[in-house]
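Residue strings, one per chain:
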Amino acid sequence: MRTVYIMWIRQLKRYWRSKPRMFGSLAQPILFLVALGFGFGPIFQKAGGGNYIDFLAPGVIAMSILFTAVFTGIEVIWDRQFGFLKETLVAPVPRFKIMIGRTLGGATVATLQGIVVFLICLLIGFRPDNWTMLPLAIVFMFLIATLFTSMGTAIASRLNDMQAFPLIINFLIMPIFFLSGSLFPLDGLPGVIETIAKINPLSYGVDGLRYAFTGISHFNIWLDFGVVLIVALVINLIGTYMFSKIEI
Amino acid sequence: MEENIIEVNKLVKKFGKITAVDKVSFNVKKGEIFAFLGPNGAGKTTTIKMLTTLLHQSSGTLKVNGFDTLKEQSEVRKSFGIVFQDPSLDDELTAYENMEFHAVFYHVPQKEIKGRVEKLLKFVELYDRKDFLVKTFSGGMKRRLEIARALLHHPKILFLDEPTLGLDPQTRNHLWDYVKELNRKEGMTVFLTTHYMEEADKISDRIAIIDHGKIIKVGSGKELKKFTKTKNLEDAFLKLTGHIIREESSSSDTSRQHARLWGRR
């Protein structure tokens, strides 16, 4: 347990100490909220969709969690380049414990980031329908965070440097975000887009988060919960396996 | 006390088509200072990585402190401390936090952590800097911290992979003094690699010369000089390994990475 804890606390310390990164990562969600929220708001309302900020806020919270989680997962590459990975891998500690500590740390950081973005949403005018559902929202935030931290770690376990990083962002993370129902409702979409959204785990995460905040959901809340939980576990297992196979 | 603490038997490591380590066999005795010398790309670091369970050999057997490096990884890992060729500290943590992290990872009892860390930080003269982030440290300070860290769990063997690379003579002398003292007082076995021949000659009991993945000669500095009829170890080394400059660095590193990436093992 102590090894998991020290790994977890290390992730938190690193996050807390890199203030520029913390503030920098808030710029993107704010831009999305302001530009899209206020920009598309009137059209959304005219089309009968209701308040767009209320619709968008859960999507932007999920987005910030997605990016923070993948980044913290991918930090394995930094650890490899700066040599610290060797220090952890040569220690008499099972790899899965290192992976658990790392994932929990990354997921905690990403959840905190999600909560900060939630507070910013409140400033901009977002109001949750039902405050008693806030714990459920945080559960979903943590599940999304766990899923994508594991994904980042799994990918990073196979990479030796940051060169492939833009590739991952553009061909994996961006599509996951844009085709997840974060920005638009999933009703009445063209078939291909709908299919992609249906196999995208983030769709279920966003949907669950939106249900917790606004009471409205596209899928069933239990389906959301089940899908995100199971995918998070599976990807974590894959990540643990990949991480355990690292040779330096 | 002629017990072997490291036993290497017909060790082979291939990266794709390249054979980095080719049927290497040698033993290191308990309490001995053993130097591994060779030109760039000779297979020194690869051998150390296999001894320390970071790489798996293609064939052959390795025993460290009586444990097999493939089958009893955890026991092997508890037996040694290592200072890697390149830095392995977390720059975003303080000196104390780096030490604490290591102590937890090596199961040092909670009650003993503070005492041991403080004692070792004093030993390498970094105690007054213990709450500074490591990224503010100079190269020499980082090295000293890494040595202190490697000793934290009272290892039986200390691996030093070119520990004095890029350090000034003052720090280098200091460092070897520490190492010698530890070896004498605690009977700790030391396995080191270096490119500084005088250092190797001065500090080690026995020296193995390795080139192209093969061991060419093992013996004390005196024996090597006598064998090659040379006056100093540098000449002996050059006589044994030739004068041709090796092409290692990036090219073979890349092919190693490719081999790893595509799983051609």
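Above this text is the structure in question.
Residues numbered from 1 in each chain as written. Chains lettered and ligands numbered in written order. Predicted model: local features only at pLDDT ≥ 70, side-chain atom pairs only at ≥ 80, totals over all residues.

(A) Here's a closer look at the overall build of chain B. When its secondary structure is counted, chain B shows 10 helices and 10 strands. In summary, chain B has a C-alpha radius of gyration of 19 Å against a globular reference of 18 Å for 265 residues, a match within 12%. Along the first, second and third principal axes, the C-alpha set of chain B runs to 50 × 45 × 40 Å. Each of the 265 residues in chain B was classed as buried or not, and the buried ones make up 41%. (Helix = DSSP H or I, 4+ residues; strand = E, 2+ residues; numbered from the N terminus. Rg over C-alpha atoms; globule rule 2.2 N^0.38 Å. Buried ≥ 20, exposed ≤ 12 C-beta atoms within 10 Å, placed from the backbone.)

(B) Layout of the interface of chain A and chain B. With 21 residues of chain A in contact, the opposing surface of chain B contributes 25 residues. Listed by contribution, the elements that provide at least two residues to the side of chain A that touches chain B are α1 (2–17) and α4 (84–89) of chain A. With seven residues, α1(A) is the single largest residue contributor to the side of chain A that touches chain B. A class-by-class count of the residues in the side of chain A that touches chain B yields nine nonpolar, four polar and eight charged. (Contact = placed C-beta atoms within 7 Å. Nonpolar A, V, L, I, M, F, W, Y, C, P; charged D, E, K, R; others polar.)

(C) Region of the structure containing the sheet that holds strand β9 (residues 206–211) of chain B. Residues and elements named next belong to chain B. If you trace the six strands from one edge of the open sheet to the other, you get β6-β7-β8-β3-β9-β10, paired in mixed fashion. Edge strands, defined here as strands with exactly one partner in the open sheet, are β6 (80–83) and β10 (214–219). Adjacent strand axes in the sheet meet at a mean angle of 15 degrees, parallel and antiparallel pairs treated alike. Where helix α5 (residues 139–151) meets the sheet, its contacts fall on β6 and β7 (157–161), and the angle it forms with β6 comes to roughly 170 degrees. (Pairing = 2+ DSSP bridges. Axes fitted to C-alpha atoms, helices over the stretch in contact; angles between N-to-C directions.)

(D) Structural detail: helix α2 (residues 19–46) of chain A. Residues and elements named next belong to chain A. Spanning 28 residues, α2 covers 41 Å between terminal C-alpha atoms, matching the ideal 40 Å at 1.5 Å per step. The largest bend along α2 reaches roughly 45 degrees and is located at Phe40, with the proline Pro42 sitting one to four residues downstream. Of the residues making up α2, those classed as buried are Pro29, Leu33, Gly37 and Phe44. Among the structural elements, α3 (52–81) and α5 (95–124) are those in contact with the buried residues of α2. Count one or two residues on from α2 and you reach Gly48, which has phi positive near 90 degrees. (Expected span 1.5 Å × (residues − 1). Bend = angle between axes of the 7 residues up to and from the residue.)

(E) Inspection of the nonpolar core at higher detail. Residue and element names in this part refer to chain A. In terms of nonpolar packing, the biggest core is built from 137 residues, with Leu66, Ile144 and Val228 touching the most fellow members. The dominant element in this core, judged by the number of residues it contributes, is α3, at 18 residues. Once residues within four sequence positions are removed from consideration, Val228 is found in contact with Phe140, Leu143, Ile144, Leu147, Pro201, Tyr204, Gly205 and Gly208. (Core = buried A, V, L, I, M, F, W, Y, C linked by C-beta atoms within 7 Å.)

(F) Looking closely at the packing of helix α3 (residues 95–105) of chain B against helix α4 (residues 110–123) of chain B. Residue and element names in this part refer to chain B. Relative orientation of the contacting elements α3 and α4 amounts to 130 degrees, with a least axis distance of 10 Å. One way to sum up the angle between α3 and α4 is to call them oblique. Seen from above, α3 lies across α4 with right-handed handedness. Along its contact with α3, which presents Ala95, Tyr96, Met99, Glu100 and Ala103, the element α4 presents Ile113, Arg116, Val117 and Leu121. Classifying every residue of the contact of α3 with α4 gives seven nonpolar, no polar and two charged. (Parallel < 35°, antiparallel > 145°, perpendicular 65-115°, else oblique. Left-handed = near helix turned anticlockwise from the far one by under 90°.)

(G) Up close: the pairing of strand β2 (residues 18–29) of chain B. Pairing of strand β1 (residues 4–15) of chain B with β2(B), which is carried by eight bridges, proceeds in the antiparallel orientation. Note on β2(B): the bridge partner recorded for B:Glu7 is B:Asn27.

(H) Representation of the environment of B:Leu126. Residues and elements named next belong to chain B. Relative to the helices and strands, Leu126 is located in the loop between α4 and α5. Exposure remark for Leu126: the 20 C-beta atoms within 10 Å place this residue in the buried category. On a C-alpha basis, the gap between Leu126 and Gly166 in space is 19 Å, while along the polypeptide they are 40 residues apart. Look past the residues within four positions of Leu126 in its chain and what remains in contact with it is Ala95, Leu121, Met141, Arg144, Leu145 and Ala148.

(I) Quick look at the pairing of β6(B). Residue and element names in this part refer to chain B. A two-sided burial pattern is seen for β6, the buried positions comprising Phe80 and Ile82 on one face and Gly81 and Val83 on the other. Taken together, the four bridges between β6 and β7 define a ladder with parallel strand orientation. Across the sheet, the residue bridging to Ile82 is Phe159, located in β7.

(J) Local environment of helix α6 (residues 134–157) of chain A. The first and last C-alpha atoms of α6(A) sit 34 Å apart over 24 residues, in line with the 34 Å expected at 1.5 Å per residue. The element α6(A) is extensively covered by neighbouring structure, given that 18 of its 24 residues are classed as buried.

(K) Structural detail: the packing of α2(A) against α5(A). Residue and element names in this part refer to chain A. At a minimum axis separation of 11 Å, α2 and α5 run at an interaxial angle of 35 degrees. Where α2 crosses over α5, the handedness of that crossing is right-handed. Of the residues in α5, those touching α2 at Ser25, Leu26, Pro29, Ile30, Leu33 and Gly37 are Gln113, Val116, Val117, Ile120, Cys121 and Ile124. Its residues placed into classes, the contact of α2 with α5 shows nine nonpolar, three polar and no charged.

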